[in-house]
Amino acid sequence: MKYEVRFSGSGGQGVITASVILGTAAALHDGKNVIQSQSYGPEARGGATKADVIISDGKILYPKAIHVDYLVSLTQKAANKFIKTIKKGGTVIIDGDFVELPDSPDYKIYRLPMTSNAMAKFNRTTTLNVIAVGAFAEMAGLVSAEAIKKAVLENSPKGFEEMNIASLELGRDLARAAKKG
Amino acid sequence: MSEAKYTFVQGNTACAEGALYAGCDFFGGYPITPSTEVAEHMSDMLPRRGGKFIQMEDEIASLGAVIGAALAGSKAMTATSGPGFSLMQELIGYACIAEVPCVIVDVMRGGPSTGLPTSPAQSDLLQAKWGTHGDHPAIALIPNSVEEMFTETVRAFNIAEYFRTPVIILGDEIIGHMREKIRIPAPGELEVINRKLPDGDGVCRLPYRADGKNPACLPNFGKGRFHVTGLNHDGSGFPTMDPSIVQGSNARIIDKVYHQRELIDKVEKIQCDDAEILFLAVGSAARAAEEAVAVLRSQGVRAGLFRPVTLWPFPKKEFRAAAERSKFVVVPEMNLGQLRTVAERMIDESKHPIVPVNLVNGEPLDPEFILDSIKKCCLK
């Protein structure tokens, strides 16, 4: 099977790092075929950034995502721009505190209160991207919990390991709660 | 590092790792998107290994530094993108005539000029061959995966050192910036070629006195007495206008490359044997084409892909043979027809019509776009 996952948000939110964490986990620790890529504009901050991860059991030829199975959006701008790339029957995960998308028969949507929970728990939103990775991992079940944990640690700056692991777990908790409805 | 290891890295990082594997110990460059990660990784790694990294004031100076380092015995490289590659062209010619081995990485982006700095394109396929003035050898390798960014960089150094000539690696924004898992081989696993030096004590007074189709054999700077110039020169390296010498040496720097192609040539052929629709594609466009081939094959259409891994010198004979049975030759590329102009010169279009598929809007060329584009003309 081949899955296309798209993280999207604003430049500077760590959307690319989120995709690198997922890619590292699936490729190096779960032994899948993986391609991670991103696209952004000339500006260093702002804009609508996307970062894609293709995870497959077979060889991946074309390296870019076209019809995404999972779309994670952390800003309204990114959600508006990339919702049209979701595959029929795909899954959309948004930061319910800031992003709104209508319900649709074409996709399942989960609105997770990421920002408010990050503020409540850490008093900052620096790790919103890791929360998003945790939420995605829980929703999709495509990568093992151990692999994701290892990849988060490998991609954490010194001193942020604990907070990142807590953020990963927070993302998982939010996804579990949302799935229960 | 004594064992092979697996890593999940960008194409640009893999390129830098390949350079280090090949023994590169000098990098001179000026950062430019989408090539910057090559410089970034080299700036991190070279000082730890006793190598040198220098950020120059522009791309002209960058290649100047690289040529100087190479003459002094270093394995040297630089990395840039289209606009910087244009600035390097004059010194590429210098390195050709002075027979200085060096590796130039051009991670292509949209253009001309500042164009679309963060978007993919294949804008420099012809610049890599014709960018510098005068008759000169042109060698350009064009990887289409992160793994190939590693292996082709090793190969680029081998070719540069063996032939004493510049070798260009044409990456593009997609291949340079995407991440894939690669295996970095253990030292010794891949062949690493070092330049030939004069026998004996290394002292050589006629470094450019090469016979027939051979590269010159210069000692490293500081050994022996010799002269290096961009003027046409005789065996001693000093300028000459002697017509018989100039005719021979101008021919030799090209012949040395074009008559010893075993190290240079590399082509990937996918289902070409019975292909009625033959794709000719390179770099990231070739990955889209390979997927288009898979889709067409699943529909019973005999499609195949001819992918030059070494773009220059172009694999003329092999391409002609692959196109022999084709009804159409489709050329998908992220420019307005650079590779097509090459194909046009190689085959008879009345027998094998060429179908161009061109995209220059900054978006990646994808398999659906290719299939849509050829539906009307090639598929009944």
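Residues numbered from 1 in each chain as written. Chains lettered and ligands numbered in written order. Predicted model: local features only at pLDDT ≥ 70, side-chain atom pairs only at ≥ 80, totals over all residues. Heavy atoms only, no water.

1. Describing the overall build of chain A
Scanning chain A from N- to C-terminus turns up six helices and six strands. The linear arrangement of helices and strands in chain A, starting from the amino end, is β-α-β-β-β-α-β-β-α-α-α-α. Dimensions of chain A, computed from the C-alpha atoms along their principal axes, are close to 40 × 40 × 35 Å. Within chain A, counting contacts between residues at least 6 apart in sequence, those at least 24 apart form 58% of the total. Of the roughly 7700 Å² of accessible surface on chain A, 52% is carried by carbon and sulfur atoms. Of note, chain A has its 23 positive side-chain charges centred 4 Å away from the centre of its 18 negative side-chain charges. (Helix = DSSP H or I, 4+ residues; strand = E, 2+ residues; numbered from the N terminus. Contact = heavy atoms within 4.5 Å. Areas by Shrake-Rupley, 256 points an atom, 1.4 Å probe, with all protein chains shown as cover. Lys, Arg positive; Asp, Glu negative; His and termini not counted. Charge placed at Lys NZ, Arg CZ, Asp CG, Glu CD.)

2. Details of the packing of aromatic side chains
All names here are of chain B. Taken as a whole, this structure holds eight aromatic pairs over all chains when the rule is applied. Measuring from ring centre to ring centre gives 5.4 Å for Phe27 and Phe53, while their planes differ by 10°; the resulting arrangement is stacked. Placement of the pair is Phe27 in strand S2 (residues 26-29) and Phe53 in strand S3 (residues 52-55), with a sequence separation of 26 residues. Taking the relative accessible area as the measure of exposure, Phe27 reaches 0% and is therefore buried. (Phe/Tyr/Trp six-rings, centres within 6.5 Å; stacked < 30°, edge-to-face > 60°. Buried < 20%, exposed > 50% of the residue type's maximum accessible area, 1.4 Å probe, protein only.)

3. Comments concerning the interface of chain A and chain B
In this assembly, 25 residues from chain A lie in contact with 22 residues from chain B. Between chain A and chain B, a total of about 1900 Å² is buried, with carbon and sulfur atoms accounting for 59% of that surface. Between chain A and chain B we count one salt bridge in total. Residues Lys59 of chain A and Glu290 of chain B are paired through a salt bridge, measuring 3.5 Å at the closest nitrogen-oxygen approach. Inspection of the chain A/chain B interface yields nine residue pairs in polar contact (both at pLDDT 80 or more). Ranked by residues supplied to the side of chain A that touches chain B, first place goes to helix H1 (residues 15-29) of chain A with six residues. (Buried area = accessible area lost by both parts, 1.4 Å probe. Salt bridge = Lys/Arg side-chain N within 4 Å of Asp/Glu carboxyl O. Polar contact = N/O pair within 3.5 Å; in protein donor to acceptor, adjacent residues only side chain to side chain.)

4. Thoughts on the packing of helix H9 (residues 283-298) of chain B against helix H12 (residues 367-378) of chain B
All names here are of chain B. With their axes 8 Å apart at the nearest point, H9 and H12 run at an angle of 60° to one another. With respect to each other, H9 and H12 are oriented oblique. In terms of crossing hand, the pair formed by H9 and H12 is right-handed. Of the residues in H12, those touching H9 at Ala288, Ala289, Glu291, Ala292, Val295 and Leu296 are Pro367, Ile370, Leu371 and Ile374. (Axes fitted to C-alpha atoms, helices over the stretch in contact; angles between N-to-C directions. Parallel < 35°, antiparallel > 145°, perpendicular 65-115°, else oblique. Left-handed = near helix turned anticlockwise from the far one by under 90°.)

5. Digging into helix H8 (residues 243-258) of chain B
Residues and elements named next belong to chain B. Given a rise of 1.5 Å per residue, 16 residues ought to cover 22 Å, and the 23 Å separating the end C-alpha atoms of H8 matches this to within 8%. In the structure, H8 departs most strongly from a straight axis at Arg252, where the bend amounts to approximately 30°. Taken residue by residue, H8 has Val246, Ser249, Arg252, Ile253, Lys256 and Val257 as its buried positions. Lining the buried residues of H8 we find helix H4 (82-98) and helix H6 (146-163). (Expected span 1.5 Å × (residues − 1). Bend = angle between axes of the 7 residues up to and from the residue.)

6. Some remarks on the state of the cysteines
In total, this model carries zero disulfides over all chains according to the counting rule given. With no disulfide of its own, Cys102 of chain B has Cys96 of chain B as its nearest cysteine by sulfur position, at a separation of 8.1 Å. (Disulfide = S-S within 2.5 Å.)

7. Quick notes on the pairing of strand S2 (residues 33-39) of chain A
Residues and elements named next belong to chain A. Burial analysis of S2 places five of its seven residues in the buried class, which makes it a mostly covered element. As judged from the seven bridges shared by S2 and strand S3 (residues 46-56), these two strands associate in the antiparallel manner. What sits directly across from Ser37, in S3, is Asp52. (Pairing = 2+ DSSP bridges.)

8. Quick look at the nonpolar core
Residue and element names in this part refer to chain B. Met42, Met77 and Phe279 are the most contacted members of the largest nonpolar core, which totals 68 residues. A total of nine residues in this core trace back to one element, the largest contributor, which is H6. In contact with Met42, not counting residues within four places along its chain, are Ala16, Ala19, Leu20, Cys24, Phe27, Pro47, Phe53 and Met77. (Core = buried A, V, L, I, M, F, W, Y, C linked by side-chain atoms within 4.5 Å.)

9. What to know about the sheet that holds S3 of chain A
An order of S6(A)-S5(A)-S4(A)-S1(A)-S3(A)-S2(A)-S9(B)-S1(B) is seen for the eight strands of this open sheet, with the pairing classed as mixed. Edge positions in the sheet fall to strand S6 (107-112) of chain A together with strand S1 (5-10) of chain B, since each of these pairs with one other strand and no more. For this sheet, the mean angle separating the axes of adjacent strands, direction not counted, is 20°. The pairing of strand S5 (residues 86-95) of chain A with S6 of chain A spans six bridges and is parallel. The partner of Ile93 of chain A across the bridge, within S6 of chain A, is Tyr110 of chain A. Relative to S3 of chain A, H1 of chain A is tilted by about 10°, and along the sheet it contacts strand S1 (2-11), S2 and S3 of chain A together with S1 and strand S9 (179-184) of chain B. Here H6 of chain B sits on the sheet and contacts S1 and S9 of chain B; the angle it forms with S9 of chain B, its principal contact strand, is near 40°.

10. Some remarks on the sheet that holds strand S12 (residues 303-308) of chain B
All names here are of chain B. Strand order across the open sheet formed by five strands is S10-S12-S11-S14-S15, with mixed pairing between neighbours. Two strands lie at the open edges of the sheet, namely strand S10 (267-270) and strand S15 (354-358), each paired on one side alone. Each strand axis lies, on average, 20° off the axis of its neighbour in the sheet, ignoring direction. Together, strand S11 (277-280), strand S14 (328-333) and S15 form the strand contacts of helix H11 (residues 338-346), whose direction differs from that of S14 by roughly 155°.

11. Looking at the domain arrangement of chain B
All names here are of chain B. Domain boundaries assigned for chain B yield domain 1 (5-184) and domain 2 (268-378). The C-alpha-based centres of domain 1 and domain 2 are spaced at 26 Å. Of the residues lining the interface, 28 residues belong to domain 1; the matching set on domain 2 comes to 24 residues. For the pairing of domain 1 and domain 2, the buried interface totals around 2000 Å² over both sides, and the portion due to carbon and sulfur atoms is 56%. When residues of domain 1 are sorted by the area they lose upon contact with domain 2, Gln122, Ile142 and Asn144 head the list and together hold 31% of the total. Counting across the interface, domain 1 meets domain 2 through two salt bridges. Linking domain 1 with domain 2 are 16 residue pairs in polar contact (both at pLDDT 80 or more). (Domains from an automatic or database assignment.)

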